[in-house]
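Reading the structure
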Amino acid sequence: MLHSRLIGLLVKQIITNVLSNAVKYTDNGYIYFKCDKVDIEEEKATYRFEITDTGIGMHKNYLEH
């Protein structure tokens, strides 16, 4: 149970960081967030998270970092 709570907190932190950056760098346009439950097996579930925005993005040279 502790392991699943830790994973949940980490996923929450990652999503919060990504959405925070999307808000920071999207002056006009939209931010789209979607979460789908893809599969359920006994006590395990698989989710897919999709985040899209119309922000400025990263410069091609920065992607290497």
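Now for a quick tour of the structure. (Residues numbered from 1 in each chain as written. Predicted model: local features only at pLDDT ≥ 70, side-chain atom pairs only at ≥ 80, totals over all residues. Heavy atoms only, no water.)

**Quick notes on the environment of Ile7**
With respect to the element layout, Ile7 can be found in helix α1 (residues 2–24). Between the alpha carbons of Ile7 and Thr52 there is a distance of 23 Å; along the sequence they are 45 residues apart. (Helix = DSSP H or I, 4+ residues; strand = E, 2+ residues; numbered from the N terminus.)

**Description of the pattern of salt bridges**
Scanning the model with the defined rule gives 2 salt bridges in all. Of the charged contacts, one joins Lys34 and Asp36 as a salt bridge, the two residues approaching to 3.6 Å between their closest N and O atoms. Residue Lys34 is classed as partly exposed on the basis of its relative accessible area of 32%. On the accessibility criterion, Asp36 (23% relative accessible area) is partly exposed. Through salt bridges with shared partners, one network takes in Lys34, Asp36 and Arg48. (Salt bridge = Lys/Arg side-chain N within 4 Å of Asp/Glu carboxyl O. Buried < 20%, exposed > 50% of the residue type's maximum accessible area, 1.4 Å probe, protein only.)

**Overview of the packing of aromatic side chains**
Across all of its chains, the model carries 2 aromatic pairs by this definition. Both rings, one in Phe33 and one in Phe49, keep their centres 6.5 Å apart while their planes meet at 20°; by these two values the pair is stacked. Highlighted residues: Phe33 in strand β1 (residues 31–41) and Phe49 in strand β2 (residues 44–53), separated in sequence by 16 residues. For Phe33, a relative accessible area of 38% corresponds to the partly exposed category. Taking 6.5 Å as the distance between ring centres and 25° as the angle between the ring planes, the aromatic pair formed by Tyr47 and Phe49 counts as stacked. Using a relative accessible area of 44% as the deciding quantity, one classes Tyr47 as partly exposed. The rings of Phe33, Tyr47 and Phe49 are connected pair by pair, giving a single aromatic cluster. (Phe/Tyr/Trp six-rings, centres within 6.5 Å; stacked < 30°, edge-to-face > 60°.)

It is worth stressing that arrangement in space is one thing and function is another; only the former is reported here.
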